[in-house]
Amino acid sequence: MLTNVPDKRSIENNLTRVDKVFQNLVTLGAFFSMVVLAAIGGFLLYRGFEIFKDFGFSFITSSKWDIGDPEDTSTAILGIGAMLVGSIITAIIAVVISVPFAVATALLIEFYVPGWIKTILVSILDLVAALPSVVFGIWGYAVLLPLVEDWSVTIEHYLGWIPIFNVPSEIFGRSPLLAGLLLGLMIVPIITSVAREVYSQAPRDLIDAASALGGTRWGALRAVVLPFGRSGLVGGTMLGLGRALGETVAVYLTLNLVFEINFKILASAGGNVASLIATKFGEATAYELKALMAAGLVLFLVTLLVNFGATMIVNKSRKIV
Amino acid sequence: MSVVVETMPPVPTRPWRNSKTTGMRNLAAIVLAVICGGALNQVTGLSGFLGLFLGVAFLFPVFIAVTNAKRGANVVTDRIASAVIAVGFIAVTIPWLSIFITVFQKGSEAFHSSYLTEDMRITPSGDDLQYGGIAHAIIGTLLMVLVATVISVPFGIIAAVYIVEVKGRFAGLIRFLVQAMSGVPSIVAGLFVYSTVVILFGGFSAWAGAVALSILMLPTVARTSEEVLKLVSVDLRTSSAALGATQARTVFTVVIPTVASGLITAAVLGVARVVGETAPLILTSSYFVASSTNLNEPIASLPIYIFSNLGLGDQNATARAWGGALVLLGVVFFFFLLTRIFSSRIKRK
């Protein structure tokens, strides 16, 4: 007989003092990344504020970079318009070239090769992703440059009537096409690894169902895997875009820095914001240095925006699973 | 009364398997593509190795379609898709191979018996290649990377512990910020350190370079550590808690020792990621021709050694740059192998 049922005990999870201290310390340390991000934005704004005040919006739209009289800062005209356009053009070329190859590589690794080859290929991809940009740059300058010069002559000969393939004079070489191609090679491993991860999560039962219905392997890939991985691929592509927008040394070595907006991708003129900073930093006047800080802030905000978007898309596509 | 089975039951088949002739068909397509590609190579403008590859790359899917034509539209589409995927993959590996081969070929020219042990204290960059060496750059790079590791690894592991162990309210936010941080362009990190450390402490220094590298290293360490900590089974944590251990004690004496090799992997991956960073070092540690271990002074590093030699345009200096690229590639490769060794240890657990 149950007569005296005791009241339900409430379970409290009281942390000991040690754990409270531990958790607070860890929380504090975890916010280090936020502090760093805020400090980067804050300090660049602080150092570059004068430039935004002096030039306003024209710092972003104007494409002239003239210090004028070094003693008199009011004679300077500084704008990064051409560099922003150059950043975007080279990054777009990189993405357009790399995405098809990244998708092919990801599909091959995930669905076509046996396990042990897959392990090797993944290792190679990781290794290439870790290759320093200066190594890519020196190779791009020595090996890729002459090749692209040859190709440019052919492209201009046959497709010169299309405005972007037109050139004002027959000087090819360190062009946006070369820099974009090199950046494309650099971001293939990034896009591939994200695409591969998303494709590997494609529902196995749907793939098997497609095969059971008599579909071919490509049928299953096209009907199940590619649609499933689309948003993940977009996210991975944006991660690659972020990397391509902020790349410095490889672009510095393969693109002529010219301060005019250039949409002709075969012409030997262009530049990007990062290579502008690397080029001008060495002999910059104090005022110019502030402008470089401001340019760095613009680059920081643009890449942060791209990465925020990419991260959100990738995370969203992970949650579907 | 017995039923006589007139016909044998059908033999089980495996229609999803490749048929025996698939290999022959693929081989035939490859051979045809190479022959025709070779012919194009001789008679048209598609000259050289890349021309040959381009010809084969376009012809191979076509011939695959031809050799499989009898098997119906679905199979043909499937074969073409496979061929295109294979060709796309090979097209990507050609430049990667070219990078490795070129760096080996051109880099080995700069090597001589004491290349790794001498520095450029008394040797101008344009001097003959048997003088001077790269020791100063190796020392500088390792020193800065060591300091960067000491700074970034604790913070990276703390961020991972917060996300996986403490599971605090802001875990999602922290993970998001770490991912955003991994996208910070390296030159921006350099500019930031220049605007703080370099300006405040009055000049370029190894310290500044190390701080810049640690900013770039942190996200890699944090994300890898997070993945590694997730591998620890919940049983271990609850057992520890059931024995009366506090969370702090569980983390320090159970969780972290269990995945120590994984956390080392995280650190080494971070090192491999930043050891070749050039742009931030231009703005922070600058360059110095002699071996130095003074962290308050400018210091040499492998990427800047390559970069500055490349900028001179002199033949010998360019050869030195390639030599530096080879050494840098070797260093990256070394750290990469380390991560493989350590991560294979985790799997065994």
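About the criteria used
- Residues numbered from 1 in each chain as written.
- Chains lettered and ligands numbered in written order.
- Predicted model: local features only at pLDDT ≥ 70, side-chain atom pairs only at ≥ 80, totals over all residues.
- Heavy atoms only, no water.
- Helix = DSSP H or I, 4+ residues; strand = E, 2+ residues; numbered from the N terminus.
- Buried < 20%, exposed > 50% of the residue type's maximum accessible area, 1.4 Å probe, protein only.
- Contact = heavy atoms within 4.5 Å.
- Areas by Shrake-Rupley, 256 points an atom, 1.4 Å probe, with all protein chains shown as cover.
- Lys, Arg positive; Asp, Glu negative; His and termini not counted.
- Charge placed at Lys NZ, Arg CZ, Asp CG, Glu CD.
- Expected span 1.5 Å × (residues − 1).
- Bend = angle between axes of the 7 residues up to and from the residue.
- Axes fitted to C-alpha atoms, helices over the stretch in contact; angles between N-to-C directions.
- Left-handed = near helix turned anticlockwise from the far one by under 90°.
- Nonpolar A, V, L, I, M, F, W, Y, C, P; charged D, E, K, R; others polar.
- Buried area = accessible area lost by both parts, 1.4 Å probe.
- Salt bridge = Lys/Arg side-chain N within 4 Å of Asp/Glu carboxyl O.
- Domains from an automatic or database assignment.

**Points about the overall build of chain A**
Okay, step 1: Looking only at helices and strands, chain A features 13 helices and two strands.
Okay, step 2: If you line up chain A on its principal axes, its C-alpha atoms span 100 × 60 × 30 Å.
Okay, step 3: Burial statistics for chain A: of 321 residues in total, 52% are counted as buried.
Okay, step 4: A separation threshold of at least 6 residues defines the contact pool for chain A, and within that pool the share at least 24 residues apart is 75%.
Okay, step 5: When the accessible surface of chain A is summed, it comes to about 15200 Å², and 65% of that surface belongs to carbon and sulfur atoms.
Okay, step 6: Taking the average place of the 21 positive charges on the side chains of chain A and the average place of its 22 negative ones, the gap between the two points comes to 13 Å.

**Section: helix H4 (residues 135-166) of chain B**
All names here are of chain B.
Okay, step 1: With 32 residues, H4 extends 44 Å from end C-alpha to end C-alpha; this agrees with the ideal 46 Å at 1.5 Å per step.
Okay, step 2: The largest bend in H4 comes to about 30°, at Ser 152, with the proline Pro 154 one to four residues further on.
Okay, step 3: After H4 finishes, the residue Lys 167 shows a positive phi value of roughly 50°.

**Looking at the packing of helix H7 (residues 206-229) of chain B against helix H10 (residues 260-274) of chain B**
All names here are of chain B.
Okay, step 1: In the contact formed by H7 and H10, the axes pass within 8 Å of each other and the chain directions differ by 150°. Crossing of H7 against H10: the hand is right-handed. For the pair H7 and H10, contact is made by Leu 213, Leu 216, Met 217, Thr 220, Val 221, Thr 224, Ser 225 and Val 228 and by Gly 262, Leu 263, Ala 266, Ala 267, Leu 269, Gly 270, Val 271, Arg 273 and Val 274, respectively.
Okay, step 2: Within the contact of H7 with H10, the residues separate by chemical class into eleven nonpolar, five polar and one charged.

**Examining the interface of chain B and chain A**
Okay, step 1: At the junction of the two partners, chain B supplies 76 residues and chain A supplies 73 residues.
Okay, step 2: Of the roughly 6700 Å² buried at the junction of chain B and chain A (both faces included), carbon and sulfur atoms supply 83%.
Okay, step 3: Viewed at the interface, chain A and chain B are joined by one salt bridge.
Okay, step 4: Of the charged contacts, one joins Asp 126 of chain A and Arg 340 of chain B as a salt bridge, the two residues approaching to 3.2 Å between their closest N and O atoms.

**Structural notes on the domain arrangement of chain B**
All names here are of chain B.
Okay, step 1: Taken domain by domain, chain B comprises domain 1 (21-109) and domain 2 (135-348).
Okay, step 2: Computed from C-alpha atoms alone, the centre-to-centre distance between domain 1 and domain 2 is 40 Å.
Okay, step 3: On the side of domain 2, five residues touch domain 1, which itself brings seven residues to the contact.
Okay, step 4: Where domain 1 abuts domain 2, roughly 610 Å² becomes buried across the two surfaces, and 87% of that area is made up of carbon and sulfur atoms.
Okay, step 5: Counting the surface domain 1 buries against domain 2, the share from its top three residues, Val 103, Lys 106 and Gly 107, is 63%.
Okay, step 6: Run the count over domain 1 and domain 2 and you get zero salt bridges.

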